[in-house]
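Residue strings, one per chain:
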Amino acid sequence: MAVYLNQNPGSFAGSCPAATPGGNSSTGGTRPVNAAVTVCNVTGSANAPRVAQVSLAVDRVAAYLNQNPGSFVGACPGDRTTVTQSPGRILGIPAGAALSICSVTGKAGVLRFAQVNVAIDRVAAFLNQNPGSFVGLCPGAGDPNGTLGNEPLGYVTICRVTGNVANPLAPVTVRVDQLEAYLAQAGTIMPAPTAGCPRPADAGGGTTEPPSTTPTSTTSTVTVQTTPNTVVTARGAGVNESTRSNRSGKARLKITPKKAGIVTVRASSGRVVRRIGVANAVRSGGNLTG
Amino acid sequence: MPDTRRFPSRSLHAGALVLAILATAAFWPADARAAETQEYPRAGLVMTRSVAAHARPASSSRTLMVFRQFRSDFRPTTLLVVGERRGAAGTRWLQISLPMRPNGRTGWVRAASVQTRRLTSSIVVDLSARRLHVLEHGRTRFSTRVAIGRPGLETPTGRFYVTATFKPKERFLGSHAFETSAYSKLSEWPGGGVVGLHGTTQPSLLGRRVSHGCVRMSNAAALVLKHLTPAGTPLTIVR
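Residues numbered from 1 in each chain as written. Chains lettered and ligands numbered in written order. Predicted model: local features only at pLDDT ≥ 70, side-chain atom pairs only at ≥ 80, totals over all residues.

1. Some words on the overall build of chain A
Secondary structure summary: chain A contains four helices and 18 strands in total. Across the 290 residues of chain A, 32% fall into the buried class. Counting only contacts in chain A whose residues sit at least 6 apart along the sequence, the fraction spanning at least 24 positions is 54%. (Helix = DSSP H or I, 4+ residues; strand = E, 2+ residues; numbered from the N terminus. Buried ≥ 20, exposed ≤ 12 C-beta atoms within 10 Å, placed from the backbone. Contact = placed C-beta atoms within 7 Å.)

What follows is the structure, encoded as C-alpha cells:
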C-alpha cells in the first residue's frame, strides 16, 4: 500500500469522496458525484511560497497534483480549516500508518529533498510547517524498496561528514528536525544512497589511508583496515604479497621492497587502501644551493 | 666541538621572537592569520593521486601547481596548510604554502584530497643573530649557531616549511639535510635553487655569511633536527 501511495501522490487509503457514475464500482465511494477535495496549490519559492486553497472535483485531483508539483491535499498553511476528519485519522487512513513525504527545504534555486516517513496523524502538521513538501517520492530519490522508507517514523538516513579523510562520510539516521544542523556541513548527502555512502576511493583515485614511506631492502609490517575476510594484495617496488583480512577487517602484510618505487595495497574489490612510497634513505641533495 | 646548546625557554632571543611574529603578520594573508589563531598551520598529506593548487578557492580558478601523492624521490608529498575557507558551493578548501617562486605564495586545494595533522614544533632562523631555534609549543627546545647566505645571495626571509628530510650523498651537505619550500636568489641551479638546512664539513664557517642561501649548521645539530623536525614543520626566517 505504501508503494502504491508513493507512486500515486494524492491517493489515499479508504473510500473516495465520490465516484463517477458508471465507473468501476469496486473503487466507488458513497459520496455524491460533485464532492470536492480541498487542495493547497503551492507556487513560488520555498522562502516565499504562494499558496492558494482550491476545491476540486475528486476526479480531477490526481491530474491537478501531477500538474502542480508541490501542491498537496489539505488546507494551506495558515488556514484554520483542517483536513483531519477525526483524531488520528486523515481522509480515512487508520492511525499508526505512515506516509512517505518528500521534505523540501533550501532556496528555490538549490532545493534540498529528504525522503521522510511521517506518522499519519502528523502529516497535516508536517505539510503545514514545511511549505513545498509533498506526499510522495522526492525527485531522484532512488529505489523506494531500498533503504529509503525503512527508517523509523520521522527519521531520515543521510551521509554525514565525519572529518576523517579515511572515512569521510558515514550513514546516520537523524530526526527530521535535526536535519538543518547536519545540512549546514557542506558535503552532507541526503538521503543516503541505497548503495551506501561514497568512499574516497570511489572518486579521484584516493586512498582510504594516508601515504607512508619505508626504506628499500627493509622488511616492515603494514597493517591496513579493510572489509572483513577479503584478500588484500601489495604490489610494486619488487613486492608481491597477499593475505586475507581477519573478521574485524584488519590485514597484516610483511613487505620487503627491493627497489625504490610505490607499493600499492589493494582490497579484493580493486579499491586502493594505501600507497607506500619506497624511498632510498640516502639521496642526492644536488637541488639545494648549499 | 659542535656548537649545539640547549636553551631554557626564557633564553630565546627576544628580538628573534618579535621579528618572527612581525614576519608572520607581514607574510601571511589575512585569512591565514585569522585561521591560525584557531588551529593552523597544520601539516598535510595528499590522499589522492594528485591534487591541484588553485589561485582561489574555486575549481574554475587558475591552477598554480599540481602536487602528486609522492615526490620524485618516492617520499610522500607534504603540505603546509595555513588556513581554510568554504567555496561558493560549500566545498571546504585549504590554503597551503606553495613551494615555488616567488617565495611566500599560497594556493588553495580541496580539503577532501588532503589529510592534515597537528604540528608541535617549528623552526625559526634568526639571520641577525645567525642562530636557528626549534620551538615546541612555543618554547625553545633547541638552538644552534648557523651560517647563512653571503651578500648578494642572502637567505630569503618569510614563512616556509620543511618539504623533505634526507641523508645527503654529497659530503659537503653534512650528516643530514632538510629541503625547504624557500627558494634562494640563485635561480640558475639544478632544481631551481632550493634553500636547504643542512650540516657542513666546514664548521669553522658557522656564524658567518658564506652560503649560497642555505642555512648550514653543525653535523651534530643536523642530526638533532632530524628527530625534532619532520617534513611539514613550519620554518620562519627573520632578519
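2. Regarding the confidence of the model for chain B
Caution applies to low-pLDDT parts of the model: their predicted coordinates are not meant to be read in detail. Residues and elements named next belong to chain B. With 84% of its residues at a pLDDT of 70 or more, chain B shows a mean pLDDT of 84. Confidence drops under a pLDDT of 50 for residues 21-38, and excluding neighbours within four residues, the segment shows 29 contacts in the predicted structure. Both scores are given for the predicted complex: the pTM is 0.58, the ipTM 0.76. (pLDDT = per-residue confidence, 0-100.)

3. Observations concerning the sheet that holds strand E16 (residues 261-266) of chain A
All names here are of chain A. Read from one edge to the other, the open sheet built from five strands follows the order E11-E17-E16-E13-E14, with strand pairing classed as mixed. Both edges of this open sheet fall to strand E11 (212-215) and strand E14 (239-244), since each of them pairs with a single strand only. Strand after strand, the sheet turns through a mean of 20° between neighbouring axes, direction not considered. Of the pairings in the sheet, the one linking E11 to strand E17 (residues 272-279) comprises four bridges and is parallel in character. Each bridged residue has a counterpart across the sheet, and for Thr214 the counterpart in E17 is Val278. (Pairing = 2+ DSSP bridges. Axes fitted to C-alpha atoms, helices over the stretch in contact; angles between N-to-C directions.)

4. Some thoughts on helix H3 (residues 219-228) of chain B
Listed as buried for H3 of chain B are Ala221, Ala222, Val224 and Leu225 of chain B. Buried residues of H3 of chain B fall within an arc of 160° about the axis and therefore sit on the same side. (Arc of directions from axis to C-beta.)

5. Regarding the interface of chain B and chain A
In this complex, chain B contributes 40 residues to the contact, which on the side of chain A involves 29 residues. Listing elements by their share of the side of chain B that touches chain A, those giving two or more residues are strand E13 (158-168), strand E14 (177-183) and strand E15 (194-198) of chain B. For the side of chain B that touches chain A, the element with the most residues is E15 of chain B, which contributes four residues. Among the residues making up the side of chain B that touches chain A, the classes are represented as 17 nonpolar, 14 polar and nine charged. Direction of pairing for strand E18 (residues 282-283) of chain A relative to E13 of chain B: parallel, over a ladder of two bridges. Bridge pairing in E13 of chain B links Val282 of chain A to Lys167 of chain B. (Nonpolar A, V, L, I, M, F, W, Y, C, P; charged D, E, K, R; others polar.)

6. A word on unusual backbone geometry
Residue and element names in this part refer to chain B. Between Arg101 and the following residue, Pro102, the backbone shows a cis peptide bond with an omega angle of -10°. Looking at the secondary structure, you find Pro102 in the loop between strand E6 (92-97) and strand E7 (106-110). For Arg130, which is not a glycine, the phi torsion comes out positive at approximately 55°. With respect to the secondary-structure elements, Arg130 resides in the loop between strand E9 (121-126) and strand E10 (131-136). Among the residues examined, Arg130 registers 16 C-beta atoms within 10 Å and is labelled partly exposed. Within the chain, His137 stands out as a residue other than glycine whose phi angle is a positive 55°. With respect to the secondary-structure elements, His137 resides in the loop between E10 and strand E11 (139-145).

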